[in-house]
Amino acid sequence: MMFQVLLVDDEALARHDVKSMLDWEKHGFTICGEAYNGSMALAMMEQMTPHIAILDVSMPIMNGVELSREIKERFPKVKMIMLSSFDDYDYVRTCLMNGAIDYLLKHRLQASALLTLLDKAVQELQSEEARNAHSKMIEHLSPVILREHVANLARDTVDASEVLQVYARDNQLYTNSINYGSAAVQIVPFLLLTETLTDVQKNRLVLQAIEVIQMAIGDVQKRTVGYVGEGRFIVLFSSEERSEHAVTTQLNQAMSALSHSLEKFLNLKCVYAIGPLCGNLRLVGPSYIKANQELNVQHDQDLNASILKASPSMKEQKQLLLYLEQSDVERASQFITTIFAELRRQPVYGLTVQIIVSELLHLVEMAWKRHNPQTALEDTEHIPTRAELGRMGSVSELELWMVNYYARLVEAIKKQRVGGSYSRHITKALQYIADNYSTNISLDMTASSLNLNASYLSRLFKEEMQMTFTEYLNRVRIQTSCMLMESGKYALKQISSEVGFVSYTYFFKVFKSITEMTPQVYMDQLKQSKK
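Residues numbered from 1 in each chain as written. Predicted model: local features only at pLDDT ≥ 70, side-chain atom pairs only at ≥ 80, totals over all residues. Heavy atoms only, no water.

Asks: Would you mind going over the sheet that holds strand E9 (residues 269-274) in detail, with residue names and values included?
Replies: Judged by pairing direction, the sheet is antiparallel, and its 4 strands sit side by side in the order E7-E8-E6-E9 without closing on themselves. Lying at the two open borders of the sheet, with one neighbouring strand each, are strand E7 (223-229) and E9. This sheet shows a mean twist of 25 degrees between the axes of neighbouring strands, independent of strand direction. Sheet strands in contact with helix H10 (residues 199-217) are strand E6 (179-188), E7 and strand E8 (232-239), and its direction is about 155 degrees off that of E7. (Pairing = 2+ DSSP bridges. Helix = DSSP H or I, 4+ residues; strand = E, 2+ residues; numbered from the N terminus. Axes fitted to C-alpha atoms, helices over the stretch in contact; angles between N-to-C directions. Contact = heavy atoms within 4.5 Å.)

Dropping the structure here:
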């Protein structure tokens, strides 16, 4: 008997690679059809139902997730094999829950692996009469499903303990185990590391963490890791040892190896808490709850009160933005130091620290977008990346990193302000203005600082900037004065002095000339817009 195989992939080259990988008839199979999307595959299956369907996870019109769900409902006897990449992890997991027998990674696809799964599909087909089809598929699923059952213990899913025990018994998992244990693991700082990632990037990080943790703790059929969510994992541990002391030692060693491996291979730090040992798989859920509570005490301690106390107010946030606009690294650093003074007793992995640091990073992004909305901050040269946060071992280290981050941003904003295809002399002149506009600078002072003749610099400035030195300086000062007005912290006369005008009368005249309204009218419009 030849087993009919339907191949479903939107890429013609990928279908060709799969077809040419095996001598299909030699192994008892034949390709009965090819489809390039899910809808086409279902239409073909209506005409002739295959024994096996090989499905790509990512396809247009109807993807592999939707198609596997439809096949499960309409053609439950068809065995499904998924083709995917690491980026499709969440989709693959859903497909497996929909009844696919396993999955293969496209970039590692080999004939032997494909043939193994085809043979596995045939075995299930041949035993269909003797076993319940749905139960049989679950029995032969990959560790992804086992991990989901374990994770459901942590999610407090209804009947999760009973479902896991039945699954373990039917698939001979945790055999001969006498003692069980659990641990709650938290990657830190997960929120800061992932809030700018896409879902695909975040899923990839989680999958990599699962693989590293499993590698560190050992055999998945004895010790299993499950992903709970938001950087939190559950580790289920079983042992044939009768001595609780020996089991506790094994568990501590496994957790230490887990922590070391995450840092070594993924540059991720983690914290964990171990729950009490128990003598039954059904009691692992309560064991994890206690471990999770202990970890939450460490992770979330005094969360609301700490955030309210340390988190910068809207007024303070505007002030910090103003320091960035004024390129005032010193006062920005002092502000950050004040914020971190309230956090030094918090653990670096605590949610309080993560949330407040997230706010500070958001302010950086706001400041950058005001100057360069077309370029992402992470694409800017010399700006530290968030990946570095994974190496922070203390709040003090995090504070130093944040101060450096703000200083680098100020330098990037300065460069952006003076950016353009200007000559070397004009670029330096623009930088000098950006650094000193708030003082009583002049063309002569600027030329002297650049070792240039003032007349030469004046002529060069007019040619390249299409305005005089004084006109450009006034525009920088008026732009900054508008930002100071937006902060709502300064009186108009104080603002004129802050941005470098010696006379308020002259400030008034220049402001009206550039904005076509008086400073007071501008302030009144700001107040009206905030109502």
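Asks: Quick one: what's the story with the packing of aromatic side chains, residue by residue and with numbers?
Replies: The final tally for this structure, using the stated rule, is 10 aromatic pairs. Pairing Trp401 with Tyr405 gives two aromatic rings, centres 4.8 Å apart and planes at 20 degrees, and the pair type is stacked. Residue Trp401 and its partner Tyr405 are both found in helix H17 (residues 395-417); the two are separated by 4 residues, about one turn of the helix. Each member of the pair, Trp401 as well as Tyr405, carries the same accessibility label: buried. Ring pairs connect the aromatic residues Phe501, Tyr504, Tyr506, Phe507, Phe511 and Tyr522, which therefore count as one cluster. Sitting above the plane of the Phe501 ring, Arg477 keeps its charged end 5.5 Å from the centroid. Cation over ring: Lys493 sits above Tyr504, and NZ or CZ is 6.0 Å from the ring centre. (Phe/Tyr/Trp six-rings, centres within 6.5 Å; stacked < 30°, edge-to-face > 60°. Buried < 20%, exposed > 50% of the residue type's maximum accessible area, 1.4 Å probe, protein only. Lys NZ or Arg CZ within 6 Å of the ring centre and 35° of its normal.)

Asks: Describe the environment of Thr116, with residues and values.
Replies: Summarising the element assignment, Thr116 is placed in helix H5 (residues 111-126). Of the polar contacts made by the side chain of Thr116, one reaches the backbone oxygen of Ser112; its length is 2.8 Å. (Polar contact = N/O pair within 3.5 Å; in protein donor to acceptor, adjacent residues only side chain to side chain.)

Asks: So, the pattern of salt bridges: which residues are in play, and what are the values?
Replies: For the structure on display, the rule yields 14 salt bridges. Arg155 serves as the salt-bridge partner of Glu148, at 3.3 Å between the closest nitrogen and oxygen. Looking at Glu148, the relative accessible area reads 13%, which means it is buried. The exposure class assigned to Arg155 is partly exposed, which follows from its relative accessible area of 31%. A salt bridge links Glu162 to Arg282, with the nearest nitrogen and oxygen atoms 3.2 Å apart. Residue Glu162 is found in helix H8 (residues 160-170), and its partner Arg282 is found in the loop between E9 and helix H12 (284-299); the two are separated by 120 residues along the sequence. Residue classification places Arg282 among the partly exposed residues on the basis of a relative accessible area of 39%. (Salt bridge = Lys/Arg side-chain N within 4 Å of Asp/Glu carboxyl O.)

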